[in-house]
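Structure at a glance
Here is what each chain is made of, one letter per residue.
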Amino acid sequence: MTLPLIVDDRGTLQVAAADVSKLLRTVGGRWLRLVEAGEQGLDEDTVAALTIELAKLADRIDVACIAHSSGAP
């Protein structure tokens, strides 16, 4: 199984998957707060759609990590 981790060309882990999923969720949350604060130039529907997609990607990363750590095929 290949986990969505960020590694260098030598295979050394540079960013843990948990950090990537946390970052994705944080970015989405910040976008939503900007929209709620009335930030000019941000379309609420677009921000909502992008935030949902970031959360889905974070969920997939988390599920892959859980499956890997539990030994699931």
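Procedures and definitions
- Residue numbers restart at each chain and count upward from 1, following the sequence in its written direction.
- With the structure being a predicted model, the display of local features is reserved for residues of pLDDT at least 70 and the display and counting of side-chain atom pairs for 80 or more, all residues being used for whole-chain, interface and lining totals.
- Side-chain calculation: all heavy atoms of the structure are included, whereas hydrogens and water are not.
- One confidence number per residue, pLDDT, is output by the predictor and ranges from 0 to 100.
- For the purposes of this entry, the term helix denotes a DSSP run of H or I that reaches at least four residues, the term strand denotes a run of E that reaches at least two, and both are numbered from the N terminus.
- Joining through side-chain atoms within 4.5 Å is the link that ties buried Ala, Val, Leu, Ile, Met, Phe, Trp, Tyr and Cys residues into a set, and such a set is a nonpolar core.
- Accessibility here uses a 1.4 Å probe with only protein chains present; expressed as a share of the type maximum, an area under 20% marks a residue as buried, one over 50% as exposed, and anything in between as partly exposed.
- In this description, contact between two residues means that some pair of their heavy atoms is separated by no more than 4.5 Å.
- Every axis in this analysis is a line fitted to C-alpha atoms, fitted for helices over the stretch in contact. Angles between the N-to-C directions lie between 0 and 180 degrees.
- Each angle receives one of four descriptions, namely roughly parallel if under 35 degrees, roughly antiparallel if over 145, roughly perpendicular if within 65 to 115, and oblique otherwise.
- Rotating anticlockwise by less than a right angle from the far helix to the near helix defines a left-handed crossing, while the corresponding clockwise rotation defines a right-handed one.
- Any residue that is not Ala, Val, Leu, Ile, Met, Phe, Trp, Tyr, Cys, Pro, Asp, Glu, Lys or Arg is counted as polar, Gly included; the first ten are nonpolar and the last four charged.
- Throughout this description, a polar contact denotes any pair of N or O atoms lying within 3.5 Å of each other; where both atoms belong to protein, one of them has to be capable of donating a hydrogen while the other can accept it, and for residues adjacent in sequence the pair is counted only when both atoms sit in side chains.

Points about the confidence of the model for the protein
In this model, the protein carries a mean pLDDT of 84, and residues with pLDDT of at least 70 account for 86%. Here strand β1 (residues 6-7) is the element of the protein with the lowest mean pLDDT, 66, and helix α1 (residues 17-36) is the one with the highest, 93.

Looking at the nonpolar core
Membership of the largest hydrophobic core is limited to six residues, which are Ala-17, Val-20, Leu-24, Leu-54, Ala-58 and Ile-61. The contact partners of Ala-58, leaving out residues within four places of it in the chain, are Ser-21, Leu-24 and Arg-25.

Concerning the packing of α1 against helix α2 (residues 44-70)
In contact at an axis separation of 9 Å, α1 and α2 are set at 165° when each is read in the N-to-C sense. Taken together, the axes of α1 and α2 are roughly antiparallel relative to one another. Once α1 is placed against α2, the crossing between them reads as left-handed. Class assignment for the residues of the contact of α1 with α2 results in 16 nonpolar, three polar and four charged.

Brief notes about the side chain of Ser-21
Relative to the assigned elements, Ser-21 resides in helix α1. When its relative accessible area of 5% is taken as the criterion, Ser-21 is described as buried. From its side chain, Ser-21 meets the backbone oxygen of Ala-18 in a polar contact 3.1 Å long. The residues touching Ser-21, leaving out its near neighbours within four places in the chain, are Ala-58, Ile-61 and Asp-62.

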